[in-house]
Amino acid sequence: MTTDDELERLIQAARAAASRAYCPYSRFPVGAAVMTSDGAIFSGCNVENASSGLTICAERSAVFQAIAAGKQSLRRVIIFTPTPTVTAPCGACRQVLNEFSADLLVTSVCDGPQRLDCRLSELLPHAFGPANLVAIE
Ligand code: THU
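Residues numbered from 1 in each chain as written. Predicted model: local features only at pLDDT ≥ 70, side-chain atom pairs only at ≥ 80, totals over all residues. Heavy atoms only, no water.

Comments concerning the overall build of the chain
Part 1 of the reasoning: Summing up its helical and strand segments, the chain has four helices and five strands in all.
Part 2 of the reasoning: Taken from N to C terminus, the helices and strands of the chain fall in the order α-β-β-α-β-α-β-β-α.
Part 3 of the reasoning: Taking 137 residues into account, the globule formula puts the C-alpha radius of gyration at 14 Å, and the chain, at 15 Å, falls close to it.
Part 4 of the reasoning: Its C-alpha atoms give the chain principal-axis dimensions of about 50 × 40 × 30 Å.
Part 5 of the reasoning: Expressed as a percentage of contacts within the chain between residues at least 6 apart in sequence, the contacts between residues at least 24 apart total 61%.
Part 6 of the reasoning: When the accessible area of the chain is evaluated, it comes to approximately 7,400 Å², of which 55% is carbon and sulfur surface. (Helix = DSSP H or I, 4+ residues; strand = E, 2+ residues; numbered from the N terminus. Rg over C-alpha atoms; globule rule 2.2 N^0.38 Å. Contact = heavy atoms within 4.5 Å. Areas by Shrake-Rupley, 256 points an atom, 1.4 Å probe, with all protein chains shown as cover.)

Structural notes on the site of the ligand
Part 1 of the reasoning: All residues adjacent to the ligand are Ser26, Phe28, Val30, Asn46, Glu48, Thr55, Cys57, Ala58, Glu59, Ala88, Pro89 and Cys90.
Part 2 of the reasoning: Glu59 has a polar side-chain atom sitting 2.6 Å from an oxygen atom of the ligand.
Part 3 of the reasoning: At a separation of 2.9 Å, an oxygen atom of the ligand approaches a polar backbone atom of Cys90.
Part 4 of the reasoning: Considering the ligand on its own, with 370 Å² of exposed area, one finds that the protein chains cover 79% of that surface. (Near = heavy atom within 4 Å. Polar contact = N/O pair within 3.5 Å; in protein donor to acceptor, adjacent residues only side chain to side chain.)

Some details on the sheet that holds strand β3 (residues 74-81)
Part 1 of the reasoning: If you walk across this open sheet you meet the five strands as β2-β1-β3-β4-β5, and the pairing is mixed. Where the open sheet ends on each side, the last strands, each with one partner, are β2 (41-45) and β5 (115-119). Each neighbouring strand pair of the sheet contributes to a mean axis angle of 15°, computed without reference to strand direction.
Part 2 of the reasoning: Note: strand β1 (residues 31-36) against β2, five bridges, orientation antiparallel. Pairing of Ala33 across the sheet is with Ser43, part of β2.
Part 3 of the reasoning: Running over the sheet, helix α2 (residues 58-68) touches β1, β2 and β3 and is turned about 145° from β2. (Pairing = 2+ DSSP bridges. Axes fitted to C-alpha atoms, helices over the stretch in contact; angles between N-to-C directions.)

In structure tokens:
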């Protein structure tokens, strides 16, 4: 459960992160903000690289901030793009989010009125995750 105030703070954090994106190649800034179960907020932006494959998305950047702070229980994630329509997380980011919370509420917001609320299990059905790694004798 996220209160309206928490949601507003998350959106602001994601929006601020997008303004700091390093995206000279795509010119497509993305900001993400993660709320952990204790109410802490961690944000991230996409950071591109001249060697394209090394680009990191905003969502993974935000999740890694939370993990590095010792917080592994994720409650909600917001993705903001300064676009007329919303952006859902890419496949790689869905997989990384799934590592920490299969039932995470993922919300995409943008500069327009559109908003997309999805459970991660909808975005990544039949996911491969930590529970699949059973030891084989
Ligand atoms: N991007 C993200 O940051 N998150 C996504 O979920 C989709 C794509 C970034 C990566 C790249 O810097 C730019 O958007 C264009 O693909």
